[in-house]
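Results of the structural survey
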Amino acid sequence: QTFRNTIQTTSVNSPSAWMIGILKKEEKAASEKKAVAEAEAAKKTNSASTKRPKEGWERTKGRPLEEVKLKERLSGQVTNVFGDRVWVDTGLVKDVTFIESKKGKYKV
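Values in this document were obtained by computation on a predicted structure and should not be read as measured data.

Attention now goes to the pattern of salt bridges. All chains considered together, the criterion is met by four salt bridges. A salt bridge links Arg59 to Asp95; the shortest N-O distance between them is 2.3 Å. Taken as a pair, Arg59 in the loop between helix 2 (15–45) and strand 1 (77–82) and Asp95 in the loop between strand 2 (85–89) and strand 3 (96–99) lie far apart in primary sequence, 36 residues in all. Through salt bridges with shared partners, one network takes in Arg59, Asp89 and Asp95.

The strand order across the open sheet formed by three strands is 1-2-3, and the pairing between neighbours is antiparallel. In the strand order of this sheet, the two ends are held by strand 1 and strand 3, each with one partner. Across the sheet, the mean angle from the axis of one strand to that of its neighbour is 25 degrees, orientation sign disregarded. Where strand 1 and strand 2 come together, five bridges link them in antiparallel fashion. Bridge pairing in strand 2 links Asn80 to Trp87.

Relative to strand 3, strand 2 runs antiparallel, the two being bridged by four bridges. Looking across to strand 3, one finds that Val86 is bridged to Phe98. Between strand 2 and the antiparallel strand that follows it, strand 3, lie six residues; Gly91 among them carries a positive phi value of about 90 degrees.

Time to look at unusual backbone geometry. Its identity as a non-glycine residue notwithstanding, Lys71 has a phi of 70 degrees, on the positive side. Judged by its relative accessible area of 81%, Lys71 is exposed.

Our focus in this paragraph is the side chain of Asn80. Tracing the sequence through the fold places Asn80 in strand 1. If sequence neighbours within four positions are ignored, Asn80 has contacts with Ala48, Ser49, Thr50, Trp57, Arg85, Val86 and Trp87.

Calculation criteria
- Residues numbered from 1 in each chain as written.
- Predicted model: local features only at pLDDT ≥ 70, side-chain atom pairs only at ≥ 80, totals over all residues.
- Heavy atoms only, no water.
- Salt bridge = Lys/Arg side-chain N within 4 Å of Asp/Glu carboxyl O.
- Helix = DSSP H or I, 4+ residues; strand = E, 2+ residues; numbered from the N terminus.
- Pairing = 2+ DSSP bridges.
- Axes fitted to C-alpha atoms, helices over the stretch in contact; angles between N-to-C directions.
- Buried < 20%, exposed > 50% of the residue type's maximum accessible area, 1.4 Å probe, protein only.
- Contact = heavy atoms within 4.5 Å.

No statement about biological role is implied by the geometric values presented.
Shown next as structure tokens:
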């Protein structure tokens with residue numbers, strides 16, 4: 001589109017060189033846009049929503065994992081998110097963790 005618009009309004013000695021110049025500008029703009037998008041995505045995925053507490057992630061109160069039965073339904077509050085990994089406080093001595101399948105949908 002840029003080639004057709006500019007070739008007719010300016011005097012060009014070499015249409016091929018003119019086209020190559022336009023393509024290089026477009027390629028540079030696209031790569032800069034991609035780099036900005038990747039940097040933004042890296043900012044979002046390289047930091048957890050909550051920092052590690054000084055006392056650590058384990059709790060003195062709570063059920064041990066060994067007491068949880070197969071197919072037992074647990075519920076709780078989301079305590080942290082890092083990328084697509086989610087941690088949930090379900091009342092156990094440690095948080096339950098899983099990888100979310102859809103953003104904001106936490107059903108395991």
